[in-house]
Amino acid sequence: MTQQKTHNKAAVKADAILVINCGSSSVKFSLIRPLSGETLLSGLAECLLSSAAEITIKHHGKKQSYKLTAPFNHQAALAVLVEQLQQSNLVKDISAIGHRVVHGGEQYSEPTLLNPQVEQAIGELAKLAPLHNPANLNGIKACQQAFADLPQVAVFDTAFHQSMPEKAYIYGLPYSLYKEHGIRRYGFHGTSHYFVAKQAAKYLNKPLEQCNLISAHLGNGCSVAVIKNGESVDTSMGMTPGEGVLMGTRCGDIDAGIIFHLVDNLGYSINEVDKLVNKESGLLGVSGLSNDCRTLEDAMLTDNNAQAKLAMTVFCYRIAKSIASYSASLTQLDGLIFTGGIGENSTWVRTEIVKQLGLLNFSLDEEKNQATRFGASGNIADKNSRSCWVIATNEEWVIAEQSAQLLANAAK
Ligand code: AMP
């Protein structure tokens, strides 16, 4: 109770929120003013748990890297971050820590103040997100040591999609697997889809609750979401981020029979199949060259590389098909949003996808398409088309905003 009170007082100040996105061997962080979205400091610790571990901190437009010392772990990275925050006189500005947590299951559809019960639930949800939730918990524990007096909030990547109706989240499997084991579709990238939908609502000059949108988050991971009256009603990722469209190294939807064939007839172990579908497939698998869209565009456009062209063509077709399939979820559509590293920057990908969406009345203004990249946002549609925006995503700002909001509400 005393601790809760202290937290509430801290929230009232709400100067800046330290946003933490913890992976198994990395920590991405940003110190953000929740009202304006201004980033005061940001950076990345990489190669954790190896002697190559280092942290890069960007502050006042200057980047500085520091080698970490043993044990090269998340705690070691946060110790350097705390030291730099102290030296920059920023520690006093931090009112809370906001954590990106990948899987919130059905329990969490809202940002949640962390306490031992919530942490236990995040740990239990690791069975649905074995790569992500344990890493997120690791970051939470490291921050509790480094920032013992600050409240910590979890913002879940699945939360925005908890509004999906049953018809969108039930798999065609025995219903008992859902009831007893939580095997259903959850969806991911929720924070990003929510942010860009909110931005699109501003372009449309109407409340998000009145907007009907399709959002394509295309980065190394890719997902498409359909938003009806401001709420997610379907999305392409499922129980794990592996479902849906082709991605950088993930295959997306495949016939489940392929897995039995790989195991029964081609001698794959189940771990090898896991690696194949998650790390060796997608753009990388089809091209045999790279998972990076820039490398593939270069190979296809400069060197006439046929495999790169095939990978990019399959990638775009699958995304266009996914977008078109959502005409089943809506009776009205205000527009389409492109976001994520590829969606925000690749004019080729946007052109290729939109030219397959003529039936939905989408077409691009090529001049606007070419001009809207590298952080620029705006409508790239032709004047006869429905709106089609490029919107630079900012998941960190949403996490900061929602953490501050939660603490301010708790203080009332
Ligand atoms: P993300 O996971 O959102 O960081 O996105 C990573 C993907 O964005 C990679 O496939 C990059 O190749 C792609 N990307 C970043 N910048 C560009 C660019 N200028 N043109 C094409 N793709 C890009």
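Parameters and conventions
Residues numbered from 1 in each chain as written. Predicted model: local features only at pLDDT ≥ 70, side-chain atom pairs only at ≥ 80, totals over all residues. Heavy atoms only, no water. Axes fitted to C-alpha atoms, helices over the stretch in contact; angles between N-to-C directions. Helix = DSSP H or I, 4+ residues; strand = E, 2+ residues; numbered from the N terminus. Parallel < 35°, antiparallel > 145°, perpendicular 65-115°, else oblique. Left-handed = near helix turned anticlockwise from the far one by under 90°. Contact = heavy atoms within 4.5 Å. Nonpolar A, V, L, I, M, F, W, Y, C, P; charged D, E, K, R; others polar. Expected span 1.5 Å × (residues − 1). Buried < 20%, exposed > 50% of the residue type's maximum accessible area, 1.4 Å probe, protein only. Arc of directions from axis to C-beta. Polar contact = N/O pair within 3.5 Å; in protein donor to acceptor, adjacent residues only side chain to side chain. Pairing = 2+ DSSP bridges. Core = buried A, V, L, I, M, F, W, Y, C linked by side-chain atoms within 4.5 Å. Near = heavy atom within 4 Å. Salt bridge = Lys/Arg side-chain N within 4 Å of Asp/Glu carboxyl O.

> Just to check I follow, could you spell out the packing of helix 11 (residues 293-302) against helix 12 (residues 306-325) for this structure?
In the contact formed by helix 11 and helix 12, the axes pass within 8 Å of each other and the chain directions differ by 125 degrees. When the interaxial angle is binned, helix 11 and helix 12 end up oblique. Viewed along their axes, helix 11 and helix 12 form a crossing whose handedness is left-handed. From helix 11, Cys 293, Leu 296, Glu 297, Ala 299 and Met 300 reach across to helix 12, where they touch Ala 308, Lys 309, Ala 311 and Met 312. For the contact of helix 11 with helix 12, the per-class residue count stands at 7 nonpolar, no polar and 2 charged.

> Explain helix 12 to me, please; I cannot follow it from the model alone.
One full turn of an α-helix is made of 3.6 residues, so residues set three or four places apart face in the same direction. With 20 residues, helix 12 extends 28 Å from end C-alpha to end C-alpha; this agrees with the ideal 28 Å at 1.5 Å per step. For helix 12, the full list of buried residues reads Ala 308, Ala 311, Met 312, Phe 315, Cys 316, Ile 319, Ala 320, Ser 322 and Ile 323. Down the axis, helix 12 shows its buried residues gathered within 160 degrees of arc, on one side only. At the N-terminal boundary of helix 12, the capping side chain belongs to Asn 305, with an oxygen 3.0 Å from the backbone nitrogen of Gln 307.

> Any chance you could explain the sheet that holds strand 12 (residues 335-339) here in plain terms?
Across a sheet, strands are paired by hydrogen bonds formed along the backbone, either parallel or antiparallel in direction. What the 6 strands build is an open sheet, ordered 11-10-9-12-14-13; its pairing is mixed. Bordering the open sheet on either side are strand 11 (231-235) and strand 13 (378-379), each of which pairs with just one other strand. Pairing of strand 9 (residues 213-218) with strand 10 (residues 222-228) involves 6 bridges; the strand directions are antiparallel. Residue His 217 lies in a different strand from strand 10, and its bridge partner there is Ser 223. Helix-sheet contacts for helix 12 involve strand 9, strand 10 and strand 12, and the interaxial angle to strand 10 is about 15 degrees.

> Looking at this structure, how should I read the nonpolar core?
Grouped burial of nonpolar side chains is what soluble globular proteins tend to show. Ile 214, Leu 218, Phe 315, Leu 336, Val 349, Ile 353 and Cys 388 are the most contacted members of the largest nonpolar core, which totals 44 residues. One finds Ile 55, Ala 77, Ile 94 and Phe 147 within the second-largest nonpolar core, a separate group that totals 28 residues.

> Explanation requested: the site of the ligand in the structure shown.
Close to the ligand lie 13 residues; Asn 220, Asp 292, Cys 293, Gly 341 and Asn 345 are nearest. At 3.0 Å from an oxygen atom of the ligand is found a main-chain nitrogen or oxygen belonging to Cys 293. Here Asn 345 contributes a side-chain N or O atom positioned 3.5 Å from a nitrogen atom of the ligand. Looking at the shell around the ligand, the elements with two or more residues in it are helix 11 and helix 13 (340-345). With 4 residues, the single largest contributor to the shell around the ligand is helix 13. Class assignment for the residues of the shell around the ligand results in 3 nonpolar, 7 polar and 3 charged.

> Any chance you could explain the side chain of Ser 287 here in plain terms?
Checked against the element boundaries, Ser 287 lands in helix 10 (residues 282-287). Polar contacts involving the side chain of Ser 287 include one to the main-chain carbonyl oxygen of Leu 284, which spans 3.5 Å. In this structure the side chain of Ser 287 is engaged in a polar contact, spanning 3.3 Å, whose partner is the backbone nitrogen of Ser 290. If we ignore the near neighbours within four places in the chain, the residues touching Ser 287 are Leu 296, Gln 307, Ala 308 and Ala 311.

> Would you mind going over the pattern of salt bridges with me for this structure?
Counted by the stated rule, this structure contains 14 salt bridges. Between Glu 38 and Arg 33 there is a salt bridge, with the nearest N and O atoms lying 3.4 Å from each other. Overall, the relative accessible area of 41% leaves Glu 38 in the partly exposed class. Here Glu 54 ties to Lys 67 by a salt bridge, and the two come within 3.6 Å at their closest N and O atoms. You can see Glu 54 sitting in strand 4 (residues 54-59) and its partner Lys 67 sitting in strand 5 (residues 62-67), a full 13 residues away along the chain. With a relative accessible area of 24%, Glu 54 lands in the partly exposed category. What makes Lys 67 exposed here is its relative accessible area of 57%.

> When you look at the packing of helix 2 (residues 74-87) against helix 4 (residues 133-146) in this model, what are you seeing that I'm missing?
Helix-helix packing is characterised by the crossing angle of the two axes and by the distance between the axes. At a minimum axis distance of 9 Å, the contact between helix 2 and helix 4 shows a crossing angle of 45 degrees. Judged on the interaxial angle alone, helix 4 and helix 2 are oblique. Handedness of the crossing formed by helix 2 with helix 4: right-handed. Facing helix 2, whose interface residues are His 74, Gln 75, Leu 78 and Val 82, helix 4 presents Asn 138, Gly 139, Ala 142, Cys 143, Gln 145 and Ala 146. Split into classes, the residues belonging to the contact of helix 2 with helix 4 amount to 5 nonpolar, 5 polar and no charged.

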